Amino acid sequence: AGSLPDHHHFVRESEAMASEDATLEIGYWHIRGLAAPMRMMCSYKGVPFTNTTCVCKPDGAGGFDNSDWTGADGVSGPKLALKAKNPLINLPYLTDGADASIVVTQSNACVQYLGRKLQLYGGGEKEAYECDQLLCQVMDLRNACVGWFYGSGSRAG
């Protein structure tokens, strides 16, 4: 598995846990980022998944080209098909079911969904809210450190 290969287009790649039987798809930019915990959860439980990544690259004018996600015209990419199933669609997302009938977006909602599905969400109400608290605390820590992670050298917030 290791690091993600260098692709310059929308990628559906098979990771170590992927198989023909995978009904879970995890989608994100072509980095570990916010989708990494979802991939780790599936790997930990031995659940096959398809890892779908989109490349975001410099556009040459000081901005970024995210057409792998949005389509060259801004509306025809993979995002459009997913938006029909979930109007809030964004990266990261996960789909579940042979027909991808379940589409979840927002990193914490995806982690919570997988936690319940993979039986990693505790054994009752108390353990579930403890999982929620920990998830929120980790996100607060991540947000406080993101300036250092991505090189600005200053603390966010």
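Refer to the preceding data block for the structure.
Residues numbered from 1 in each chain as written. Predicted model: local features only at pLDDT ≥ 70, side-chain atom pairs only at ≥ 80, totals over all residues. Heavy atoms only, no water.

Looking at this structure, I do not really get unusual backbone geometry. What am I missing?
Most peptide bonds take the trans configuration, and most residues that are not glycine carry a negative phi. Each neighbour pair has its own omega, and for Leu91 with Pro92 the value is 0°, a cis peptide bond. With respect to the secondary-structure elements, Pro92 resides in the loop between helix H3 (78-85) and strand E6 (93-96). The phi angle at Gln119 is positive, at roughly 60°, despite the residue not being glycine. Relative to the elements of secondary structure, Gln119 occurs in the loop between helix H4 (107-117) and helix H5 (125-149). Classification of Gln119 by relative accessible area gives exposed; the value is 69%. (Helix = DSSP H or I, 4+ residues; strand = E, 2+ residues; numbered from the N terminus. Buried < 20%, exposed > 50% of the residue type's maximum accessible area, 1.4 Å probe, protein only.)

Hey, could you run me through the packing of helix H1 (residues 36-45) against H4 in this one?
How two helices pack is summed up by the angle between their axes together with the distance between the axes. As a packed pair, H1 and H4 sit with axes 9 Å apart at the nearest point and diverge in direction by 10°. When the axis of H1 is compared with that of H4, the two are roughly parallel. Counted together, Pro37, Met38, Met41 and Cys42 of H1 and Cys110, Val111, Leu114 and Gly115 of H4 form the full contact between these two elements. Class assignment for the residues of the contact of H1 with H4 results in seven nonpolar, one polar and no charged. (Axes fitted to C-alpha atoms, helices over the stretch in contact; angles between N-to-C directions. Parallel < 35°, antiparallel > 145°, perpendicular 65-115°, else oblique. Contact = heavy atoms within 4.5 Å. Nonpolar A, V, L, I, M, F, W, Y, C, P; charged D, E, K, R; others polar.)

Would you mind showing me how to read the nonpolar core here?
Buried together is how nonpolar side chains tend to be arranged in soluble globular proteins. Counting residues in each nonpolar core, the largest one holds 23 residues, and the members touching the most others are Met38, Cys42, Trp69, Leu94 and Leu114. Secondary structure elements with two or more residues in this core: strand E2 (24-29), H1, strand E3 (49-54), E6, strand E7 (102-105) and H4. Broken down by element, the residue count for this core peaks at four residues, all from H4. (Core = buried A, V, L, I, M, F, W, Y, C linked by side-chain atoms within 4.5 Å.)

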